[in-house]
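Structural overview
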Amino acid sequence: MKIEETVRPIIRTENLRKVFGENRVLEDITLTIPEKSLCAIIGQSGTGKSVLIKSIIGMLKPDGGRVWFRDKELTALSDEELIPLRKAFGYSFQNAALFDSMTIGENLAFPLKEVLRIRSQREIKERVSQLLEWIELPGIESKRPDELSGGMKKRVGVARALITEPEVLFFDEPTTGLDPVLAETINNLVVRVNKELHITCVMITHDIPAAFRIAGKISFLDRGYIIADGRPDEIARSGHGMVRDFIRISFNELSL
Ligand SMILES: Nc1ncnc2c1ncn2[C@@H]1O[C@H](COP(=O)(O)OP(=O)(O)OP(=O)(O)O)[C@@H](O)[C@H]1O
Ligand SMILES: [Mg+2]
């Protein structure tokens, strides 16, 4: 039985389309993200994974199709109507994208002030310090991003996306550029966000073995279409030649 049929979707796209001039990046994307699931989006570099996520959360305006968040059609809402709904989404950028001129504490406080409009310094301090403890980097409030390692920065990037307590957290390649041990700590962090905080997680990743290990659902994007979609075991049995090759190469590289 397909996951979508058993669990309520929190996000749904229907015939989503996004073009940049002649570059037809997303042709026809119909995709379901089940509530409280951990989903992975995989596919070759440059195929449109980041564009897909940005089109779902409204950072890019789709050229066609629809996006729903629960029973609300986001693509039918005005920019103003979208503002409160956007708070339901967190987005951990492909390149951590911390503000270099701010301390870690200020980086984490930023969404609390700007998005949630929290004014109480005590509450901000408390939430920042609790979250730093939760990501196992306690007490680094006064450090600056350039004093942190790549792996620490990634964790702080995740924390910044998490601090507003979103209902869906999107991770764009959270492990790219990290050594395998650090990559594993980030993958574990994604699992903890999903299992301990009960947040729906959508992760773009090039780490195919990790996607197979931790995701409940995998969607394979290729040249504007989802060419395989389902549980890891369903994807592994996919009859699509390109999907099979991609997976075989990823796992073979691991065993070299
Ligand atoms: N803002 C933009 N304006 C114009 N073209 C864009 C824009 N954003 C992305 N593109 C194009 O859309 C295509 C898909 O880009 P995208 O970043 O989504 O790929 P990706 O699958 O995330 O790749 P990677 O795995 O390398 O991150 C590329 O051809 C890219 O040049
Ligand atoms: Mg990308």
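Residues numbered from 1 in each chain as written. Chains lettered and ligands numbered in written order. Predicted model: local features only at pLDDT ≥ 70, side-chain atom pairs only at ≥ 80, totals over all residues.

**Concerning the overall build of the chain**
In plain terms, the rule: Runs of H or I in DSSP of at least four residues are treated as helices and runs of E of at least two as strands, each being numbered from the N terminus. Whether a residue is buried, exposed or partly exposed is read from the other C-beta atoms within 10 Å of its own C-beta, which are placed from the backbone; 20 or more gives buried, 12 or fewer gives exposed, and intermediate counts give partly exposed. The contact criterion used is a C-beta to C-beta distance within 7 Å, with each C-beta placed from the backbone.
Within the chain, the regular secondary structure consists of 10 helices and 10 strands. Dimensions of the chain, computed from C-alpha atoms along their principal axes, come out at roughly 55 × 50 × 40 Å. Counting all 256 residues of the chain, 37% fall into the buried class. Relative to all contacts within the chain whose residues are 6 or more apart in sequence, the contacts with residues 24 or more apart total 68%.

**Side note on the site of ligand 1**
Applied cut-off: Defining nearness, a residue is near a molecule or strand when the C-beta atom obtained from its backbone falls within 6 Å of it. Residues are grouped as follows: Ala, Val, Leu, Ile, Met, Phe, Trp, Tyr, Cys and Pro are nonpolar; Asp, Glu, Lys and Arg are charged; all remaining types, including Gly, are polar.
Around ligand 1, the neighbouring residues are Phe-20, Asn-23, Val-25, Ser-45, Gly-46, Thr-47, Gly-48, Lys-49, Ser-50 and Val-51. If you list the elements that add at least two residues to the shell around ligand 1, you get β2 (23-34) and α2 (49-57). Top contributing element to the shell around ligand 1 by residue count: α2, with three residues. For the shell around ligand 1, the per-class residue count stands at three nonpolar, six polar and one charged.

**Points about helix α5 (residues 121-134)**
The condition that has to hold: To estimate how far a helix should extend, the number of its residues minus one is multiplied by 1.5 Å. Within this analysis, the arc is defined by the directions that extend from the helix axis to the C-beta atoms.
Between its first and last C-alpha, α5 extends 20 Å over 14 residues, near the 20 Å set by a 1.5 Å rise per residue. Listing the buried residues of α5 in full gives Ile-124, Val-128, Leu-131 and Leu-132. For α5, the arc enclosing every buried residue in end-on projection is 100 degrees, short of the 170-degree limit, so these residues lie on one face. In this structure, α5 carries Arg-122, Glu-123, Glu-126, Gln-130 and Glu-133 as exposed residues pointing more than 90 degrees from its buried face. Its buried side turned inward, α5 meets α4 (104-114) and α6 (150-162).

**Points about the pairing of strand β4 (residues 64-69)**
Spelled out, the test is: Two strands qualify as a pair provided DSSP detects at least 2 bridges between them.
Here strand β1 (residues 9-20) pairs with β4 via five bridges, running antiparallel. Note on β4: the bridge partner recorded for Arg-17 is Gly-64. Bridge count for β4 against strand β5 (residues 72-73) is two bridges, and the pairing is antiparallel. By the bridge assignment, Phe-69 is partnered in β5 with Lys-72. Taken together, β4 and the strand that follows it, β5, pair antiparallel across an intervening segment of two residues, in which Arg-70 is found at a positive phi of about 50 degrees.

**As for the packing of α6 against helix α7 (residues 180-196)**
Between two packed helices, what matters for the description is the angle formed by their axes and the separation of those axes. Put simply, the test is: In this analysis, axes come from line fits to C-alpha atoms, helices being fitted only over the stretch in contact, and the angle between any two N-to-C directions falls in the range 0 to 180 degrees. For classification purposes, angles smaller than 35 degrees are called roughly parallel, those larger than 145 roughly antiparallel, those between 65 and 115 roughly perpendicular, and all remaining angles oblique. Handedness of a crossing is defined here by the sense of rotation of the near helix relative to the far one, left-handed for an anticlockwise turn of less than a right angle and right-handed for a clockwise turn.
Axis separation between α6 and α7 bottoms out at 10 Å; the angle between their running directions is 15 degrees. Here α7 runs roughly parallel to α6, going by the angle between their axes. Crossing geometry of α6 relative to α7 is assigned as right-handed. In this structure, α6 uses Gly-151, Lys-154, Arg-155, Val-158 and Leu-162 to contact α7, whose residues at the interface are Leu-182, Thr-185, Ile-186, Leu-189 and Val-193.

**Observations regarding the nonpolar core**
Keep this limit in mind: As used throughout, a nonpolar core is a set of buried Ala, Val, Leu, Ile, Met, Phe, Trp, Tyr and Cys residues joined through C-beta atoms within 7 Å of each other.
Counting 63 residues, the largest nonpolar core has Phe-170, Val-190 and Val-202 as its most contacted members. Considering every element that reaches this core, the biggest residue donor is α6, with six residues. Here Phe-170 is in contact with Ile-53, Ile-57, Phe-89, Gly-90, Tyr-91, Ser-92 and Val-202, once residues within four sequence places are set aside.

**Section: unusual backbone geometry**
One non-glycine residue, Asn-15, adopts positive backbone phi at about 50 degrees. Although it is not a glycine, Glu-165 adopts a positive phi angle of roughly 55 degrees.

**Some details on the packing of α4 against α5**
One can describe the packing of α4 onto α5 by two numbers: an axis separation of 10 Å at closest approach and a directional angle of 120 degrees. Between α4 and α5, the angle is such that the two are oblique. The interaxial crossing formed by α4 with α5 has right-handed handedness. Between α4 and α5, the residues in contact are Gly-105, Leu-108, Ala-109 and Leu-112 and Ile-124, Arg-127, Val-128 and Leu-131, respectively. Its residues assigned to classes, the contact of α4 with α5 shows six nonpolar, one polar and one charged.

**Here we look at the pairing of β2**
Each regular strand shows side chains that alternate between the opposite faces of the sheet. Here β1 pairs with β2 via eight bridges, running antiparallel. By the bridge assignment, Thr-13 is partnered in β2 with Leu-31. Connecting β1 to the antiparallel partner β2 that follows it, the hairpin turn spans two residues, and Gly-21 within it adopts a positive phi of roughly 60 degrees.

**Thoughts on the environment of Asn-95**
Mapped onto the fold, Asn-95 is located in the loop between β6 (89-92) and α4. When the 12 C-beta atoms within 10 Å are taken as the criterion, Asn-95 is described as exposed.

**Some points on the environment of Val-158**
Residue placement: Val-158 occurs in helix α6. Judged by the 23 C-beta atoms lying within 10 Å of it, Val-158 falls in the buried class. Excluding residues within four positions of it along the chain, Val-158 makes contact with Ser-92, Ile-135, Pro-174 and Leu-189.

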